[in-house]
Amino acid sequence: MLPAALRRWLRRPKRSDPRLLSQFFFADERVTRVVSEINGLDAELDPQQYLVLLNQLHLSQAHLLAILERIMEECIPTQRHSRDYLVKFPEELLVDNLGNHMLFAAECLLAGTFLDVEEVDGAQLRPQARNLLCSLELVRTVLREQSLSQPSSYPEPVRAVLVQFDRLFAEFELSYVSSLVVVKSPEEIYRQQEIIVLFCETVERALHLGYLTQEMIDGYEPLLMFTIPRLAIISGLLIYPEGPLSLEQSPEQMSRIFSPFYNLLKKIRDLLRVLSEEELCLLERSLCTAESGDSCGPVTPPAWGAAMPRVDPPAPWGLLEVPRATPLPPTCMAWLGGPPCHPGAVDDLGTNRQWGPQPPGSSPALNATLGACCSELRSRYSSTKDMLHTLFVCISGVADQLQTNFASDLRSILKTVFKIVASQAEPSEEPGASQEEAGDPCAADAPHVADCPLCSSPAEAAGLRRAAGTCRLPEWVPDSTCSQCSACRSPFTLLRRRHHCRSCGKIFCARCSPHTASLPHYGQLKPVRVCTHCYAAHLSPAPRHARAQ
(Lines give C-alpha, C1' and ligand atoms only; values in the text may rest on other atoms or scores of the structure.)
Protein backbone atom coordinates (compact mmCIF):
# COMPACT_ATOMS: atom_id res chain seq x y z
CA MET A 1 0.00 0.00 0.00
CA LEU A 2 1.34 3.43 -0.95
CA PRO A 3 2.34 5.80 1.87
CA ALA A 4 -0.04 8.66 2.63
CA ALA A 5 2.46 11.31 1.51
CA LEU A 6 2.91 9.59 -1.84
CA ARG A 7 -0.83 9.28 -2.34
CA ARG A 8 -1.25 12.98 -1.64
CA TRP A 9 1.51 13.80 -4.11
CA LEU A 10 -0.13 11.66 -6.82
CA ARG A 11 -3.52 13.31 -6.24
CA ARG A 12 -2.23 16.87 -6.32
CA PRO A 13 -4.22 18.93 -8.82
CA LYS A 14 -2.46 20.64 -11.68
CA ARG A 15 -1.73 24.32 -11.47
CA SER A 16 -3.56 24.81 -14.76
CA ASP A 17 -6.75 23.26 -13.32
CA PRO A 18 -9.40 26.05 -13.43
CA ARG A 19 -11.62 24.51 -10.73
CA LEU A 20 -11.93 26.60 -7.58
CA LEU A 21 -10.89 23.81 -5.20
CA SER A 22 -7.71 23.28 -7.21
CA GLN A 23 -6.94 26.98 -7.06
CA PHE A 24 -7.65 26.95 -3.33
CA PHE A 25 -5.17 24.09 -2.83
CA PHE A 26 -2.24 26.07 -4.24
CA ALA A 27 -3.31 29.32 -2.52
CA ASP A 28 -3.47 27.48 0.81
CA GLU A 29 -0.09 25.87 0.12
CA ARG A 30 1.37 29.31 -0.53
CA VAL A 31 0.09 30.66 2.82
CA THR A 32 1.47 27.63 4.68
CA ARG A 33 4.89 28.03 3.07
CA VAL A 34 5.14 31.74 3.92
CA VAL A 35 4.08 31.11 7.53
CA SER A 36 6.75 28.41 7.84
CA GLU A 37 9.42 30.81 6.55
CA ILE A 38 8.33 33.49 9.02
CA ASN A 39 8.41 31.04 11.95
CA GLY A 40 11.93 29.93 10.99
CA LEU A 41 13.31 33.47 10.66
CA ASP A 42 14.88 35.57 13.41
CA ALA A 43 13.33 39.01 12.95
CA GLU A 44 16.07 40.73 14.97
CA LEU A 45 18.87 39.36 12.76
CA ASP A 46 17.15 40.04 9.43
CA PRO A 47 14.38 42.63 9.88
CA GLN A 48 14.27 43.49 6.16
CA GLN A 49 13.53 39.89 5.15
CA TYR A 50 10.94 39.71 7.93
CA LEU A 51 9.06 42.69 6.44
CA VAL A 52 9.22 41.13 2.97
CA LEU A 53 7.73 37.89 4.28
CA LEU A 54 4.99 39.79 6.13
CA ASN A 55 4.02 41.52 2.90
CA GLN A 56 3.98 38.18 1.08
CA LEU A 57 1.79 36.73 3.84
CA HIS A 58 -0.65 39.62 3.51
CA LEU A 59 -0.94 39.15 -0.26
CA SER A 60 -1.24 35.37 -0.07
CA GLN A 61 -3.93 35.55 2.60
CA ALA A 62 -5.89 38.08 0.55
CA HIS A 63 -5.69 35.74 -2.46
CA LEU A 64 -6.81 32.78 -0.33
CA LEU A 65 -9.82 34.72 1.03
CA ALA A 66 -10.80 35.83 -2.48
CA ILE A 67 -10.88 32.22 -3.68
CA LEU A 68 -12.75 31.17 -0.53
CA GLU A 69 -15.35 33.87 -1.22
CA ARG A 70 -15.87 32.52 -4.74
CA ILE A 71 -16.20 28.99 -3.37
CA MET A 72 -18.92 30.09 -0.94
CA GLU A 73 -20.76 31.91 -3.72
CA GLU A 74 -20.68 28.71 -5.78
CA CYS A 75 -21.32 26.24 -2.96
CA ILE A 76 -23.72 27.98 -0.52
CA PRO A 77 -25.16 31.00 -2.39
CA THR A 78 -28.54 30.81 -0.63
CA GLN A 79 -27.13 30.04 2.82
CA ARG A 80 -24.78 33.01 3.12
CA HIS A 81 -25.11 35.13 6.24
CA SER A 82 -26.74 38.50 5.58
CA ARG A 83 -24.32 41.36 4.96
CA ASP A 84 -26.96 44.10 5.22
CA TYR A 85 -25.02 45.57 8.15
CA LEU A 86 -22.39 46.86 5.70
CA VAL A 87 -24.66 49.82 4.90
CA LYS A 88 -24.04 51.02 8.48
CA PHE A 89 -20.27 51.21 7.99
CA PRO A 90 -18.47 54.41 6.93
CA GLU A 91 -17.61 54.34 3.25
CA GLU A 92 -13.85 54.46 3.86
CA LEU A 93 -14.06 51.04 5.55
CA LEU A 94 -15.75 49.36 2.59
CA VAL A 95 -12.55 48.32 0.84
CA ASP A 96 -11.82 45.16 -1.12
CA ASN A 97 -9.39 43.76 1.49
CA LEU A 98 -11.63 44.37 4.51
CA GLY A 99 -11.82 40.60 5.11
CA ASN A 100 -8.04 40.33 5.30
CA HIS A 101 -7.98 43.16 7.85
CA MET A 102 -10.57 41.34 9.93
CA LEU A 103 -8.49 38.14 10.03
CA PHE A 104 -5.38 40.12 10.97
CA ALA A 105 -7.34 41.82 13.78
CA ALA A 106 -8.58 38.43 14.99
CA GLU A 107 -5.01 37.07 15.11
CA CYS A 108 -3.83 40.12 17.07
CA LEU A 109 -6.69 39.81 19.55
CA LEU A 110 -5.97 36.13 20.08
CA ALA A 111 -2.31 36.96 20.71
CA GLY A 112 -3.28 39.56 23.32
CA THR A 113 -2.57 42.64 21.19
CA PHE A 114 -5.34 45.26 21.05
CA LEU A 115 -5.22 47.31 17.85
CA ASP A 116 -7.27 50.53 18.01
CA VAL A 117 -9.72 49.02 20.51
CA GLU A 118 -10.07 49.44 24.24
CA GLU A 119 -8.88 46.63 26.46
CA VAL A 120 -12.42 45.92 27.66
CA ASP A 121 -13.71 45.66 24.08
CA GLY A 122 -10.75 43.49 23.13
CA ALA A 123 -11.48 41.08 25.97
CA GLN A 124 -15.07 40.75 24.77
CA LEU A 125 -13.99 40.23 21.15
CA ARG A 126 -11.33 37.61 21.94
CA PRO A 127 -13.73 34.61 22.12
CA GLN A 128 -15.21 35.57 18.77
CA ALA A 129 -11.72 35.90 17.29
CA ARG A 130 -10.76 32.46 18.62
CA ASN A 131 -13.88 30.83 17.17
CA LEU A 132 -13.33 32.55 13.81
CA LEU A 133 -9.70 31.43 13.46
CA CYS A 134 -10.53 27.86 14.54
CA SER A 135 -13.32 27.77 11.97
CA LEU A 136 -10.94 29.05 9.28
CA GLU A 137 -8.41 26.30 10.07
CA LEU A 138 -11.20 23.73 9.83
CA VAL A 139 -12.31 25.14 6.47
CA ARG A 140 -8.75 25.02 5.13
CA THR A 141 -8.34 21.41 6.24
CA VAL A 142 -11.66 20.23 4.80
CA LEU A 143 -11.22 22.06 1.47
CA ARG A 144 -7.63 20.84 1.15
CA GLU A 145 -8.72 17.23 1.58
CA GLN A 146 -11.62 17.73 -0.80
CA SER A 147 -9.32 19.20 -3.46
CA LEU A 148 -7.18 16.02 -3.28
CA SER A 149 -10.13 13.65 -3.60
CA GLN A 150 -13.00 15.22 -5.59
CA PRO A 151 -12.24 18.84 -6.54
CA SER A 152 -15.43 19.17 -8.59
CA SER A 153 -18.01 18.50 -5.85
CA TYR A 154 -19.03 19.94 -2.48
CA PRO A 155 -20.44 17.26 -0.12
CA GLU A 156 -22.56 18.17 2.88
CA PRO A 157 -19.66 18.29 5.43
CA VAL A 158 -17.94 20.89 3.24
CA ARG A 159 -21.11 22.97 3.03
CA ALA A 160 -21.59 22.79 6.81
CA VAL A 161 -18.13 24.13 7.66
CA LEU A 162 -18.47 26.91 5.05
CA VAL A 163 -21.83 28.03 6.48
CA GLN A 164 -20.37 28.11 10.00
CA PHE A 165 -17.30 30.08 8.92
CA ASP A 166 -19.42 32.58 6.98
CA ARG A 167 -21.64 33.18 10.02
CA LEU A 168 -18.72 33.59 12.45
CA PHE A 169 -16.91 35.91 10.07
CA ALA A 170 -19.97 38.18 9.67
CA GLU A 171 -20.58 38.31 13.44
CA PHE A 172 -16.94 39.18 14.20
CA GLU A 173 -16.81 41.79 11.43
CA LEU A 174 -19.86 43.62 12.78
CA SER A 175 -18.68 43.44 16.39
CA TYR A 176 -15.11 44.56 15.65
CA VAL A 177 -16.07 47.49 13.42
CA SER A 178 -18.73 48.58 15.94
CA SER A 179 -16.00 48.81 18.59
CA LEU A 180 -13.86 51.03 16.33
CA VAL A 181 -16.38 53.49 14.87
CA VAL A 182 -19.95 54.56 15.48
CA VAL A 183 -22.08 52.63 13.04
CA LYS A 184 -25.25 54.18 11.72
CA SER A 185 -28.56 53.36 13.30
CA PRO A 186 -31.54 52.32 11.12
CA GLU A 187 -33.09 55.73 11.82
CA GLU A 188 -29.98 57.55 10.57
CA ILE A 189 -29.89 55.40 7.45
CA TYR A 190 -33.52 56.30 6.76
CA ARG A 191 -32.77 60.02 7.28
CA GLN A 192 -29.88 59.84 4.83
CA GLN A 193 -32.17 58.17 2.29
CA GLU A 194 -34.49 61.17 2.69
CA ILE A 195 -31.53 63.46 2.01
CA ILE A 196 -30.78 61.47 -1.16
CA VAL A 197 -34.37 62.09 -2.30
CA LEU A 198 -33.99 65.80 -1.52
CA PHE A 199 -30.74 66.00 -3.49
CA CYS A 200 -32.38 64.24 -6.46
CA GLU A 201 -35.33 66.67 -6.37
CA THR A 202 -32.83 69.53 -6.17
CA VAL A 203 -30.98 68.32 -9.27
CA GLU A 204 -34.26 67.93 -11.16
CA ARG A 205 -35.29 71.46 -10.25
CA ALA A 206 -31.84 72.84 -11.16
CA LEU A 207 -32.06 71.13 -14.56
CA HIS A 208 -35.52 72.57 -15.10
CA LEU A 209 -34.41 76.12 -14.24
CA GLY A 210 -31.20 75.87 -16.27
CA TYR A 211 -28.74 76.08 -13.38
CA LEU A 212 -27.26 72.73 -14.41
CA THR A 213 -27.16 70.69 -17.59
CA GLN A 214 -27.46 66.97 -18.10
CA GLU A 215 -24.02 66.97 -19.71
CA MET A 216 -22.50 68.24 -16.45
CA ILE A 217 -24.17 65.43 -14.53
CA ASP A 218 -23.26 62.72 -17.03
CA GLY A 219 -19.69 64.03 -17.06
CA TYR A 220 -19.53 64.07 -13.24
CA GLU A 221 -18.25 67.63 -13.07
CA PRO A 222 -16.28 68.12 -9.80
CA LEU A 223 -18.04 71.47 -9.23
CA LEU A 224 -21.27 69.56 -8.63
CA MET A 225 -19.81 68.20 -5.37
CA PHE A 226 -20.27 71.74 -4.01
CA THR A 227 -23.18 72.99 -6.11
CA ILE A 228 -25.70 70.24 -5.30
CA PRO A 229 -25.43 70.51 -1.47
CA ARG A 230 -25.70 74.31 -1.69
CA LEU A 231 -28.83 74.21 -3.81
CA ALA A 232 -30.24 71.40 -1.66
CA ILE A 233 -30.14 73.66 1.41
CA ILE A 234 -32.37 76.17 -0.38
CA SER A 235 -34.68 73.43 -1.62
CA GLY A 236 -34.90 71.80 1.82
CA LEU A 237 -35.69 75.07 3.59
CA LEU A 238 -37.86 76.83 1.04
CA ILE A 239 -39.24 74.49 -1.61
CA TYR A 240 -39.74 71.31 0.45
CA PRO A 241 -40.04 72.61 4.03
CA GLU A 242 -41.53 69.35 5.31
CA GLY A 243 -38.58 67.24 4.13
CA PRO A 244 -35.39 66.17 5.90
CA LEU A 245 -34.38 69.81 6.58
CA SER A 246 -37.67 70.64 8.29
CA LEU A 247 -36.94 72.97 11.18
CA GLU A 248 -40.25 72.20 12.85
CA GLN A 249 -38.55 69.14 14.34
CA SER A 250 -35.89 69.17 17.03
CA PRO A 251 -32.18 68.87 16.14
CA GLU A 252 -32.17 65.33 17.55
CA GLN A 253 -34.79 64.32 14.97
CA MET A 254 -32.73 65.62 12.03
CA SER A 255 -29.95 63.75 10.32
CA ARG A 256 -26.62 64.09 12.09
CA ILE A 257 -25.28 65.69 8.92
CA PHE A 258 -27.41 68.85 9.28
CA SER A 259 -28.28 68.86 12.98
CA PRO A 260 -25.09 70.78 14.02
CA PHE A 261 -26.24 73.68 11.81
CA TYR A 262 -29.80 73.81 13.19
CA ASN A 263 -29.72 77.42 14.47
CA LEU A 264 -27.89 78.72 11.41
CA LEU A 265 -30.39 77.01 9.11
CA LYS A 266 -33.21 78.81 10.92
CA LYS A 267 -31.63 82.19 10.18
CA ILE A 268 -31.03 81.18 6.56
CA ARG A 269 -34.67 80.12 6.20
CA ASP A 270 -35.96 83.42 7.59
CA LEU A 271 -33.86 85.38 5.11
CA LEU A 272 -34.83 83.17 2.18
CA ARG A 273 -38.51 83.82 2.85
CA VAL A 274 -38.17 87.56 2.20
CA LEU A 275 -36.46 87.21 -1.18
CA SER A 276 -38.20 87.97 -4.43
CA GLU A 277 -38.13 85.49 -7.27
CA GLU A 278 -35.43 87.42 -9.08
CA GLU A 279 -33.31 87.67 -5.94
CA LEU A 280 -33.66 83.95 -5.25
CA CYS A 281 -32.65 83.07 -8.81
CA LEU A 282 -29.61 85.34 -8.60
CA LEU A 283 -28.61 83.76 -5.30
CA GLU A 284 -28.98 80.23 -6.65
CA ARG A 285 -27.02 81.06 -9.78
CA SER A 286 -24.22 82.57 -7.70
CA LEU A 287 -24.08 79.37 -5.65
CA CYS A 288 -23.64 77.44 -8.91
CA THR A 289 -20.97 79.66 -10.43
CA ALA A 290 -18.84 80.86 -7.52
CA GLU A 291 -16.80 78.52 -5.34
CA SER A 292 -14.99 81.09 -3.24
CA GLY A 293 -13.96 84.69 -3.08
CA ASP A 294 -16.11 87.80 -3.15
CA SER A 295 -19.46 86.74 -4.49
CA CYS A 296 -20.71 90.30 -4.67
CA GLY A 297 -18.37 91.39 -7.40
CA PRO A 298 -19.12 90.87 -11.08
CA VAL A 299 -18.73 87.21 -11.90
CA THR A 300 -18.72 85.91 -15.42
CA PRO A 301 -21.03 82.90 -15.48
CA PRO A 302 -20.01 79.85 -17.52
CA ALA A 303 -21.66 79.03 -20.78
CA TRP A 304 -24.25 76.78 -19.20
CA GLY A 305 -25.50 79.70 -17.07
CA ALA A 306 -26.76 81.47 -20.17
CA ALA A 307 -29.68 79.09 -20.32
CA MET A 308 -31.61 81.28 -17.86
CA PRO A 309 -32.73 84.39 -19.73
CA ARG A 310 -35.38 85.41 -17.23
CA VAL A 311 -32.97 85.71 -14.31
CA ASP A 312 -30.29 87.83 -15.97
CA PRO A 313 -29.76 90.99 -13.89
CA PRO A 314 -29.87 94.44 -15.48
CA ALA A 315 -26.63 95.68 -16.99
CA PRO A 316 -25.54 98.15 -14.26
CA TRP A 317 -25.56 95.54 -11.47
CA GLY A 318 -23.22 92.70 -10.66
CA LEU A 319 -24.24 89.10 -10.24
CA LEU A 320 -25.66 89.60 -6.76
CA GLU A 321 -26.52 93.28 -6.98
CA VAL A 322 -30.19 93.99 -7.55
CA PRO A 323 -32.24 97.14 -6.90
CA ARG A 324 -33.68 97.65 -3.44
CA ALA A 325 -37.25 96.42 -3.63
CA THR A 326 -39.70 99.03 -2.39
CA PRO A 327 -42.90 96.96 -2.45
CA LEU A 328 -43.25 93.72 -0.56
CA PRO A 329 -41.45 90.95 -2.53
CA PRO A 330 -43.60 88.34 -4.30
CA THR A 331 -42.06 85.57 -2.22
CA CYS A 332 -43.05 87.32 0.95
CA MET A 333 -46.55 87.74 -0.46
CA ALA A 334 -46.68 83.99 -1.07
CA TRP A 335 -45.60 83.44 2.53
CA LEU A 336 -48.41 85.73 3.69
CA GLY A 337 -50.93 83.73 1.68
CA GLY A 338 -51.22 86.15 -1.24
CA PRO A 339 -50.78 85.18 -4.90
CA PRO A 340 -47.21 85.03 -6.16
CA CYS A 341 -46.09 87.37 -8.87
CA HIS A 342 -45.65 84.56 -11.40
CA PRO A 343 -47.65 81.47 -10.48
CA GLY A 344 -45.60 78.36 -11.04
CA ALA A 345 -42.41 80.28 -11.82
CA VAL A 346 -40.62 78.85 -8.82
CA ASP A 347 -41.77 75.27 -8.93
CA ASP A 348 -43.03 74.23 -12.36
CA LEU A 349 -42.30 70.54 -11.83
CA GLY A 350 -45.91 69.45 -11.65
CA THR A 351 -46.47 70.19 -7.95
CA ASN A 352 -48.64 72.68 -6.12
CA ARG A 353 -46.01 73.57 -3.54
CA GLN A 354 -45.61 77.22 -2.58
CA TRP A 355 -42.75 78.83 -0.78
CA GLY A 356 -42.84 78.88 2.97
CA PRO A 357 -45.55 77.63 5.32
CA GLN A 358 -49.07 78.34 4.24
CA PRO A 359 -51.38 79.45 7.06
CA PRO A 360 -54.92 78.05 6.97
CA GLY A 361 -56.36 81.50 6.71
CA SER A 362 -55.15 85.08 6.48
CA SER A 363 -56.32 88.34 7.95
CA PRO A 364 -55.24 91.97 7.44
CA ALA A 365 -53.75 92.03 10.93
CA LEU A 366 -51.73 88.86 10.28
CA ASN A 367 -50.58 90.15 6.90
CA ALA A 368 -49.50 93.41 8.45
CA THR A 369 -47.58 91.62 11.23
CA LEU A 370 -45.77 89.27 8.86
CA GLY A 371 -45.15 92.08 6.41
CA ALA A 372 -43.51 94.06 9.19
CA CYS A 373 -41.29 91.05 9.96
CA CYS A 374 -40.18 90.91 6.33
CA SER A 375 -39.43 94.62 6.26
CA GLU A 376 -37.57 94.40 9.57
CA LEU A 377 -35.34 91.58 8.29
CA ARG A 378 -34.48 93.47 5.12
CA SER A 379 -33.80 96.68 7.04
CA ARG A 380 -30.91 95.00 8.86
CA TYR A 381 -28.82 95.16 5.68
CA SER A 382 -27.54 98.23 3.93
CA SER A 383 -28.58 96.90 0.53
CA THR A 384 -30.06 93.88 -1.15
CA LYS A 385 -26.59 93.06 -2.39
CA ASP A 386 -25.35 92.88 1.21
CA MET A 387 -28.25 90.59 2.20
CA LEU A 388 -27.62 88.22 -0.71
CA HIS A 389 -23.93 88.17 0.06
CA THR A 390 -24.71 87.16 3.64
CA LEU A 391 -26.96 84.37 2.41
CA PHE A 392 -24.28 83.23 -0.03
CA VAL A 393 -21.65 83.03 2.71
CA CYS A 394 -23.93 81.21 5.16
CA ILE A 395 -25.26 78.65 2.68
CA SER A 396 -21.82 78.01 1.21
CA GLY A 397 -20.36 77.71 4.68
CA VAL A 398 -22.85 75.05 5.75
CA ALA A 399 -22.56 73.09 2.49
CA ASP A 400 -18.78 73.25 2.39
CA GLN A 401 -18.44 72.17 6.02
CA LEU A 402 -20.30 69.00 5.07
CA GLN A 403 -17.32 68.17 2.84
CA THR A 404 -15.04 68.37 5.88
CA ASN A 405 -17.09 67.17 8.84
CA PHE A 406 -19.13 64.47 7.09
CA ALA A 407 -17.03 63.67 4.04
CA SER A 408 -17.80 59.94 4.07
CA ASP A 409 -21.58 60.38 4.40
CA LEU A 410 -21.68 63.11 1.76
CA ARG A 411 -19.66 61.02 -0.71
CA SER A 412 -22.03 58.12 -0.22
CA ILE A 413 -25.08 60.37 -0.72
CA LEU A 414 -23.70 62.05 -3.84
CA LYS A 415 -22.59 58.71 -5.28
CA THR A 416 -26.17 57.45 -5.03
CA VAL A 417 -27.56 60.70 -6.44
CA PHE A 418 -25.29 60.51 -9.49
CA LYS A 419 -26.29 56.90 -10.02
CA ILE A 420 -29.97 57.94 -10.07
CA VAL A 421 -29.90 61.16 -12.08
CA ALA A 422 -27.19 60.27 -14.64
CA SER A 423 -28.74 59.50 -18.00
CA GLN A 424 -27.62 57.37 -20.90
CA ALA A 425 -26.94 58.99 -24.24
CA GLU A 426 -29.35 58.04 -26.96
CA PRO A 427 -27.68 55.76 -29.52
CA SER A 428 -27.31 57.35 -32.92
CA GLU A 429 -29.65 55.71 -35.37
CA GLU A 430 -28.62 55.13 -38.94
CA PRO A 431 -30.78 56.99 -41.50
CA GLY A 432 -32.22 53.83 -42.97
CA ALA A 433 -32.56 51.90 -39.73
CA SER A 434 -36.31 52.42 -39.50
CA GLN A 435 -36.75 51.02 -43.00
CA GLU A 436 -34.92 47.75 -42.35
CA GLU A 437 -36.93 44.63 -41.93
CA ALA A 438 -36.70 42.81 -38.64
CA GLY A 439 -34.57 39.74 -39.21
CA ASP A 440 -32.76 37.23 -37.04
CA PRO A 441 -30.71 39.33 -34.58
CA CYS A 442 -28.14 36.57 -34.15
CA ALA A 443 -27.56 35.70 -37.80
CA ALA A 444 -24.54 37.84 -38.64
CA ASP A 445 -21.04 37.13 -37.36
CA ALA A 446 -19.17 39.94 -35.66
CA PRO A 447 -16.13 41.30 -37.49
CA HIS A 448 -12.68 41.29 -35.95
CA VAL A 449 -11.24 44.79 -35.56
CA ALA A 450 -7.47 44.52 -35.65
CA ASP A 451 -6.63 47.60 -33.55
CA CYS A 452 -9.38 47.16 -30.98
CA PRO A 453 -8.28 46.34 -27.38
CA LEU A 454 -11.36 44.15 -27.00
CA CYS A 455 -10.52 42.10 -30.10
CA SER A 456 -6.91 41.44 -29.19
CA SER A 457 -7.06 37.98 -30.72
CA PRO A 458 -9.21 36.22 -33.32
CA ALA A 459 -10.32 33.74 -30.65
CA GLU A 460 -11.63 36.54 -28.44
CA ALA A 461 -13.41 38.14 -31.37
CA ALA A 462 -14.95 34.80 -32.22
CA GLY A 463 -16.19 34.52 -28.65
CA LEU A 464 -18.13 37.74 -29.13
CA ARG A 465 -19.81 36.67 -32.34
CA ARG A 466 -23.54 36.42 -32.17
CA ALA A 467 -24.31 33.16 -33.99
CA ALA A 468 -27.89 31.91 -34.04
CA GLY A 469 -28.81 29.89 -31.00
CA THR A 470 -25.98 31.19 -28.79
CA CYS A 471 -27.13 31.59 -25.19
CA ARG A 472 -23.96 31.31 -23.04
CA LEU A 473 -23.56 34.45 -20.96
CA PRO A 474 -20.29 36.39 -21.28
CA GLU A 475 -17.69 36.16 -18.53
CA TRP A 476 -18.48 38.89 -16.01
CA VAL A 477 -15.31 40.79 -15.06
CA PRO A 478 -15.23 41.42 -11.27
CA ASP A 479 -15.09 45.06 -10.16
CA SER A 480 -12.09 44.39 -7.92
CA THR A 481 -9.91 43.24 -10.82
CA CYS A 482 -10.42 46.32 -13.00
CA SER A 483 -9.12 49.76 -12.00
CA GLN A 484 -9.43 51.51 -15.37
CA CYS A 485 -11.77 51.64 -18.36
CA SER A 486 -11.23 48.77 -20.79
CA ALA A 487 -11.48 51.16 -23.76
CA CYS A 488 -10.04 54.59 -22.90
CA ARG A 489 -7.91 53.39 -19.94
CA SER A 490 -9.17 56.21 -17.70
CA PRO A 491 -8.82 55.28 -13.99
CA PHE A 492 -12.02 54.80 -12.04
CA THR A 493 -12.72 57.30 -9.25
CA LEU A 494 -15.63 58.31 -7.05
CA LEU A 495 -17.22 60.18 -9.94
CA ARG A 496 -16.01 58.02 -12.84
CA ARG A 497 -17.90 54.84 -12.01
CA ARG A 498 -17.65 51.31 -13.39
CA HIS A 499 -20.23 50.02 -15.89
CA HIS A 500 -20.44 46.47 -17.21
CA CYS A 501 -21.19 45.85 -20.86
CA ARG A 502 -23.90 43.19 -20.99
CA SER A 503 -22.60 41.97 -24.34
CA CYS A 504 -18.94 41.26 -23.52
CA GLY A 505 -18.91 41.45 -19.71
CA LYS A 506 -16.01 43.91 -19.56
CA ILE A 507 -15.95 47.12 -17.49
CA PHE A 508 -16.11 50.62 -19.02
CA CYS A 509 -16.68 54.21 -17.97
CA ALA A 510 -19.95 55.96 -18.79
CA ARG A 511 -18.52 57.70 -21.87
CA CYS A 512 -17.39 54.39 -23.41
CA SER A 513 -20.66 52.56 -22.71
CA PRO A 514 -23.46 55.02 -23.55
CA HIS A 515 -25.49 52.69 -25.79
CA THR A 516 -28.37 50.35 -25.04
CA ALA A 517 -29.59 47.41 -27.07
CA SER A 518 -31.59 44.24 -26.57
CA LEU A 519 -29.68 40.95 -26.45
CA PRO A 520 -32.22 38.20 -27.23
CA HIS A 521 -29.52 35.54 -27.42
CA TYR A 522 -28.80 36.22 -23.73
CA GLY A 523 -32.47 36.45 -22.77
CA GLN A 524 -32.29 40.27 -22.51
CA LEU A 525 -35.36 41.37 -24.43
CA LYS A 526 -35.33 44.88 -22.97
CA PRO A 527 -32.52 47.29 -23.92
CA VAL A 528 -29.47 47.00 -21.64
CA ARG A 529 -26.15 48.84 -21.45
CA VAL A 530 -23.51 47.88 -24.02
CA CYS A 531 -20.14 49.41 -24.82
CA THR A 532 -19.47 51.41 -27.95
CA HIS A 533 -17.33 48.65 -29.45
CA CYS A 534 -19.94 45.90 -29.06
CA TYR A 535 -22.65 48.25 -30.27
CA ALA A 536 -20.73 49.09 -33.43
CA ALA A 537 -18.90 45.85 -34.19
CA HIS A 538 -20.68 42.91 -32.58
CA LEU A 539 -24.38 43.74 -32.76
CA SER A 540 -26.44 43.52 -35.91
CA PRO A 541 -28.84 46.40 -36.78
CA ALA A 542 -31.88 44.49 -35.48
CA PRO A 543 -31.05 44.60 -31.74
CA ARG A 544 -29.83 48.18 -32.16
CA HIS A 545 -33.14 49.14 -33.69
CA ALA A 546 -34.95 47.56 -30.74
CA ARG A 547 -33.86 50.53 -28.59
CA ALA A 548 -35.86 52.94 -30.73
CA GLN A 549 -38.96 50.83 -30.51
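Everything quoted here is computed from the prediction, not taken from an experiment. (Residues numbered from 1 in each chain as written. Predicted model: local features only at pLDDT ≥ 70, side-chain atom pairs only at ≥ 80, totals over all residues. Heavy atoms only, no water.)

**Student:** Help me get a handle on the pairing of strand β4 (residues 524-530), residues and values and all.
**Tutor:** Two faces, one strand: in a regular strand the side chains alternate between the faces of the sheet. The sheet contact formed by strand β3 (residues 515-519) and β4 spans four bridges and is antiparallel. Bridge pairing in β4 links His515 to Val530. Count of turn residues in the β3/β4 antiparallel hairpin: four residues, of which Gly523 carries a positive phi of about 80°. (Pairing = 2+ DSSP bridges. Helix = DSSP H or I, 4+ residues; strand = E, 2+ residues; numbered from the N terminus.)

**Student:** Tell me about the packing of aromatic side chains, residues and numbers included.
**Tutor:** Applying the stated rule across the entire model yields four aromatic pairs. On the numbers, 5.9 Å between centres and 50° between planes, the contact of Phe165 with Phe169 is tilted. Taken together, the residues span about one helical turn, with Phe165 and Phe169 both in helix α6 (residues 156-180) at a distance of four residues. Here Phe165 falls in the buried class, since its relative accessible area comes to 3%. For the ring pair Tyr220 and Phe418, a centre distance of 5.4 Å and an interplane angle of 70° mean the geometry is edge-to-face. You can see Tyr220 sitting in the loop between α8 (214-218) and α9 (224-239) and its partner Phe418 sitting in helix α15 (residues 407-421), a full 198 residues away along the chain. For the pair formed by Tyr220 and Phe418, the shared burial category is buried. (Phe/Tyr/Trp six-rings, centres within 6.5 Å; stacked < 30°, edge-to-face > 60°. Buried < 20%, exposed > 50% of the residue type's maximum accessible area, 1.4 Å probe, protein only.)

**Student:** Tell me what's going on with the layout of surface pockets, and back it up with residues and numbers.
**Tutor:** Quantified by volume, the second largest pocket comes out at close to 500 Å³. As for the second largest pocket, its lining consists of 20 residues, of which Leu57, Gln61, Leu103, Phe104 and Glu107 are closest to the centre. If you list the elements that add at least two residues to the lining of the second largest pocket, you get α2 (20-39), α3 (47-75), α4 (98-110) and α5 (119-149). Among the elements that make up the lining of the second largest pocket, the one with the highest residue count is α3 (seven residues). When its residues are assigned to classes, the lining of the second largest pocket shows 12 nonpolar, five polar and three charged. (1 Å grid on protein atoms, 1.4 Å probe; cavity = no way out; pocket = protein on both sides within 12 Å on 5 of 7 lines; lining within 4 Å. Points joined across faces, edges and corners; volume = space filled by probe spheres on them. Nonpolar A, V, L, I, M, F, W, Y, C, P; charged D, E, K, R; others polar.)

**Student:** Quick rundown of the pattern of salt bridges? Include the residues and the values.
**Tutor:** Considering all chains together, one arrives at 15 salt bridges under this definition. As a salt-bridge pair, Arg80 and Glu69 come within 3.1 Å of each other at their nearest N and O atoms. Placement of the pair is Arg80 in the loop between α3 and α4 and Glu69 in helix α3, with a sequence separation of 11 residues. For Glu69, a relative accessible area of 33% gives the class partly exposed. The salt bridge partner of Asp166 is Arg80, with a shortest N-O separation of 3.1 Å. You can see Asp166 sitting in helix α6 and its partner Arg80 sitting in the loop between α3 and α4, a full 86 residues away along the chain. Of the two residues, Asp166 and Arg80, neither departs from the other in class, the shared state being buried. Several salt bridges converge on common partners, so that one network encompasses Glu69, Glu73, Arg80, Arg83 and Asp166. (Salt bridge = Lys/Arg side-chain N within 4 Å of Asp/Glu carboxyl O.)

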